[in-house]
Amino acid sequence: MSGRVHVGNTASLVDVPRDSATLSLRLPPQQSNHLNDSARNIHPAFDAAAKRTTKEALLNQRARVIWLYGLSGSGKSTLAVALEERLHADGYFVELLDGDNVRGGLNQDLGFADSDRMENIRRISEVAKLFLTAGAVTVVSFITPKCEMRDLARSIVGPDDFTEVFVKCSFETCQRRDVKGLYAKANAGALSNFTGKDSSFEPGEDPDLVLDTESSSLDESLKQLYEYVLPLVRAA
C-alpha cells in the first residue's frame, strides 16, 4: 500500500484463510456437498447490472470504502458519523455501517469468538462492496481487532477501493472514557472475549491513516480524516 499518513455461537462454523476471502465451512460431508452443489447454481449478475462508473457519474463522486478500526471507546464511531455528516453536507452520497447497528440486525446471530468476529467482518465487507458497486462512499466503523480480519475486508472490497484508518487510543484511556459502560462490565466479569482484555487487539503495521484521539481533539481528528478522504471521493 502507498500514501501512508500518520497524524497524531458459531465458533466452529467458519475458518477464513489469511490469504483468501473464501470461507471454508466446517460442516458434515453431506451438508458441504449440498452447499457445493448450490454454489454451482449461483450466477452473479454484476456484469449485467449498470456499471459502477455510470452510477459514479450520476452522483458526481468516486465510490470508496473508508474503514475505521480501533478499540471500543477510541472514537471511531463518533468520527464515522461526523465524517458522514460532513460529506453529506458537501453533496456526497454516503452510507454508514457501524458495528453496533449491524450486530443488532444482520449479524445478531454472531458472538465474539474470533471465528464469529471473522464472519462478522466477512459479511459487512460484502455489504460494503455492494454499496461500492452502487457508487456510494461507504464509511465503516468496526473494532476489526486482527490484521487477518482487515486483510479479509480489503480482499473482498478490493485494495484499490479500500482505505484503512486506525483510530488510535490506548486501552487505559478507552477504559477511563468507557462511553458505553462496557469496560466496567468486562472488569466485573459480565463480558467475555472483550477486546484488549481477554481478546487481543493488533494495531497493524501500515494503515493508510492513523488518527491519535489521545493527542488530538475530535475536531482536529475529523479535519485530518476529512482532508485525507476528500481527494479520494471527489469526482475526477
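### Remarks on the overall build of the protein
Next, step 1: In terms of regular secondary structure, the protein is built from nine helices and eight strands.
Next, step 2: Across the 236 residues in the protein, those meeting the buried criterion constitute 42%.
Next, step 3: Per element, the accessible surface of the protein, about 12200 Å² overall, is 52% carbon and sulfur.

### Some points on the pattern of salt bridges
Close approach of charged atoms allows side chains with opposite charge to pair.
Next, step 1: Considering all chains together, one arrives at nine salt bridges under this definition.
Next, step 2: A salt bridge links Arg 122 to Glu 119; the shortest N-O distance between them is 2.8 Å. Taken together, the positions of Arg 122 and Glu 119, both in helix α5 (residues 114-133) and three residues apart, correspond to about one turn of that helix.
Next, step 3: What makes Glu 119 buried here is its relative accessible area of 5%.
Next, step 4: Because the salt bridges share partners, they merge into one network encompassing Arg 150, Asp 151, Arg 154 and Glu 164.

### Observations regarding the nonpolar core
Next, step 1: By size, the foremost hydrophobic cluster in this structure holds 29 residues, and its most contacted members are Val 65, Trp 67, Val 140 and Phe 142.
Next, step 2: Of all the secondary-structure elements, those providing two or more residues to this core are β4 (64-69), α5, α6 (147-157), β7 (162-168), α7 (171-177) and α8 (182-187).
Next, step 3: Judged by nonpolar contacts, the second largest core, of 22 residues, contains Leu 68, Val 94, Val 137 and Leu 230.

### Details of the environment of Ala 186
Next, step 1: With respect to the helices, strands and loops of the structure, Ala 186 is situated in helix α8.
Next, step 2: Classification of Ala 186 as buried rests on a relative accessible area of 2%.
Next, step 3: Sequence spacing of Ala 186 and Asp 198 is 12 residues, and the spatial spacing of their C-alpha atoms is 8.9 Å.
Next, step 4: Setting aside its immediate chain neighbours within four residues, Ala 186 contacts Leu 191, Phe 194 and Lys 197.

Parameters at a glance
- Residues numbered from 1 in each chain as written.
- Predicted model: local features only at pLDDT ≥ 70, side-chain atom pairs only at ≥ 80, totals over all residues.
- Heavy atoms only, no water.
- Helix = DSSP H or I, 4+ residues; strand = E, 2+ residues; numbered from the N terminus.
- Buried < 20%, exposed > 50% of the residue type's maximum accessible area, 1.4 Å probe, protein only.
- Areas by Shrake-Rupley, 256 points an atom, 1.4 Å probe, with all protein chains shown as cover.
- Salt bridge = Lys/Arg side-chain N within 4 Å of Asp/Glu carboxyl O.
- Core = buried A, V, L, I, M, F, W, Y, C linked by side-chain atoms within 4.5 Å.
- Contact = heavy atoms within 4.5 Å.

That's the geometry; what it means functionally is another story.
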